[in-house]
Amino acid sequence: MSDNVSQMHTPQGKKLVRRILLFSLILLLVLGGCALYFFRDSINTDAMRRYFKYLNVTETSHTGHFSFDAHSGNRYAGLGDGLALASVSGVTVLDANGAEQASLQMQMSLPELRVGKDAALCFDAGGTSLCTVSRRKGAILQVTSERAILDADISPDDCVCYSTSESGYRSVLYVYNAAGTKTYRWLSSSRYLPVCTVSTGAKYLAAAALGQQEGMFQSSVVLFDTTQDEPLRELPLGDELILDLEFLSDDTLLAIGETTASWLKLDGTVLGHYSYADAYLKDFDDGGSGFLTLCLNMYKAGSRYSVVTLGADGTERGSLFIGEEILDFSAAGKYVAVLTASDLRIYDETLTLYASTDNVAAATDVIQRADGSAILISGGSGSLFIP
């Protein structure tokens with residue numbers, strides 16, 4: 001009799017234990033979700049991602065270590081988890097382990113480098129050579145222009161544009177899609193268009209135009225719809241020399257000038273405007289997620305450097321004085337890396353210090369990555385710094 005009673009109560013006891021365990025698990029998930037919500041601003045998810053991503057990275061591992069020929073004219077940029085390098089002899093793309101994924105030999109005097117999603121654009125500033133190389137497909141585009149290439153750009157989806165001139169024309173603009181096929185050409189016999197940029201899908205092309213009005217220097221942005229024969233519209237920028245143009249989205253342009261930065265809608269609406277005041281623009285980086293980073297100096301020569309981050313409305317998100325020469329700086333994701341002779345400091349977009357390390361390897365270049373890590377370039381090698 002007692003055996004029968006024992007057998008009847010055993011399943012009920014197991015059900016009770018399962019219910020308690022299930023309730024505890026649900027409670028833990030709810031509490032964990034609440035904690036993630038309420039402490040979402042203080043929890044650094046990038047740190048967790050880096051922990052798992054670089055779990056097996058050690059001082060002797062090959063991940064994050066790159067080797068190449070050193071040259072003072074080299075240009076560097078991050079491409080995926082790897083490194084793109086432009087040199088006087090061509091362009092090379094390395095993967096996360098430092099192995100060569102693609103390369104193209106091309107003689108250049110002043111190499112310039114831009115990167116998109118999967119491709120690196122390299123051109124000889126003032127020369128006649130331009131190419132794009134994909135880390136997945138190898139060489140995509142190789143161009144030898146009739147005259148000097150003044151500027152070139154690559155979109156986030158690897159479309160390309162460049163500005164040059166040809167016999168009988170002051171400026172000629174070319175657009176190529178991500179497959180390397182020419183899709184648009186604009187010829188101007190009357191205007192100089194030395195700076196250009198292209199949107200995703202090569203839908204829009206924008207170029208800075210130099211001109212004058214009533215004897216005074218004037219600049220503007222000429223906007224093209226690449227499905228139409230005539231310019232879409234012209235956006236005036238006043239007495240400002242435009243150094244660079246970038247599509248921040250399909251309907252928003254960033255114009256970097258010698259003394260100001262402006263954010264413009266394609267319909268001409270000014271979203272934001274920022275003046276460098278009495279400072280000199282030394283460099284800039286629009287690679288941050290939703291912000292622009294400027295490197296300014298109070299003097300043309302000297303070490304009174306400052307770093308400023310700006311939102312798309314032209315307001316400061318952060319400002320920081322650096323009491324020594326900035327060798328290089330880079331922005332990606334929500335981080336800004338500032339390299340000096342003494343150390344590397346990584347800040348968030350408000351320029352609050354996030355991580356730092358001594359510059360013991362005498363690095364000269366830095367590439368910030370969106371996950372918070374950075375590549376330090378020294379001589380003919382690059383190494384990964386993981387906060």
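Right, let's get into the pattern of salt bridges. All told, the structure shown has 10 salt bridges when counted by the stated rule. Residue aspartate 251 pairs with lysine 265 through a salt bridge whose shortest N-O separation is 3.0 Å. In this pair, aspartate 251 sits in the loop between β18 (242-249) and β19 (252-257) while lysine 265 sits in strand β20 (residues 260-265), placing the two residues 14 residues apart along the sequence. The exposure class assigned to lysine 265 is partly exposed, which follows from its relative accessible area of 25%. A salt bridge links glutamate 349 to arginine 317; its shortest N-O distance comes to 2.6 Å. On the criterion of sequence distance, the pair formed by glutamate 349 in the loop between β28 (343-348) and β29 (353-358) and arginine 317 in strand β25 (residues 316-322) is long-range, its members being 32 residues apart. Among the ionic contacts, a cluster of salt bridges with common partners joins Glu112, Arg114 and Asp151.

Let's shift gears to the pairing of strand β4 (residues 90-94). Among the 5 residues in β4, 5 count as buried, and that is most of the element. Taking every second residue as pointing to the same face, both faces of β4 are buried, with Gly90, Thr92 and Leu94 on one and Val91 and Val93 on the other. Pairing analysis gives 5 bridges linking strand β3 (residues 82-87) to β4, with the strands arranged antiparallel. Residue pairing across strands places leucine 85 opposite threonine 92, the latter belonging to β4. Hairpin geometry of β3 and β4 is characterised by an intervening segment of 2 residues between the two adjacent antiparallel strands. Where β4 lies against strand β5 (residues 100-105), 5 bridges are found, and the strand directions are antiparallel. Bridge pairing in β5 links valine 93 to alanine 102. Between β4 and the antiparallel strand that follows it, β5, lie 5 residues; glycine 98 among them carries a positive phi value of about 85°.

It is worth spelling out the environment of serine 145 at this point. Structurally, the position occupied by serine 145 is in the loop between β9 (138-144) and β10 (151-154). Through-space distance from the C-alpha of serine 145 to that of leucine 130 is 8.1 Å; in sequence the pair is 15 residues apart. Among all residues touching serine 145, those that are not within four sequence positions of it are Gly127, Thr128 and Thr164.

Another aspect to go through is the environment of alanine 96. Within the secondary structure layout, alanine 96 lies in the loop between β4 and β5. Each C-alpha atom of the pair alanine 96 and glycine 80 lies 8.2 Å from the other, and the pair is 16 residues apart in sequence.

Taking strand neighbours across the sheet as the criterion, the 4 strands line up as β26-β27-β28-β29 in an open arrangement whose pairing is antiparallel. The sheet is open, and its two edges are formed by β26 (326-332) and β29, each paired on a single side. Averaged over all neighbouring strand pairs, the angle between strand axes comes to 15°, with direction disregarded. The sheet contact formed by strand β27 (residues 335-340) and β28 spans 5 bridges and is antiparallel. What sits directly across from leucine 339, in β28, is leucine 344.

This part covers the confidence of the model for the protein. Across the protein, the average pLDDT comes to 89, with 87% of residues at 70 or higher. Per-element averaging of pLDDT across the protein places helix α1 (residues 2-38) at the bottom with 61 and β10 at the top with 98. In the predicted structure, residues 1-8 sits below a pLDDT of 50 and forms 0 contacts with residues beyond four places in sequence or in another chain. Confidence drops under pLDDT 50 across residues 58-62; counting only partners more than four residues distant or on other chains, this segment forms 5 contacts.

What counts as what
Residues numbered from 1 in each chain as written. Predicted model: local features only at pLDDT ≥ 70, side-chain atom pairs only at ≥ 80, totals over all residues. Heavy atoms only, no water. Salt bridge = Lys/Arg side-chain N within 4 Å of Asp/Glu carboxyl O. Helix = DSSP H or I, 4+ residues; strand = E, 2+ residues; numbered from the N terminus. Buried < 20%, exposed > 50% of the residue type's maximum accessible area, 1.4 Å probe, protein only. Pairing = 2+ DSSP bridges. Contact = heavy atoms within 4.5 Å. Axes fitted to C-alpha atoms, helices over the stretch in contact; angles between N-to-C directions. pLDDT = per-residue confidence, 0-100.

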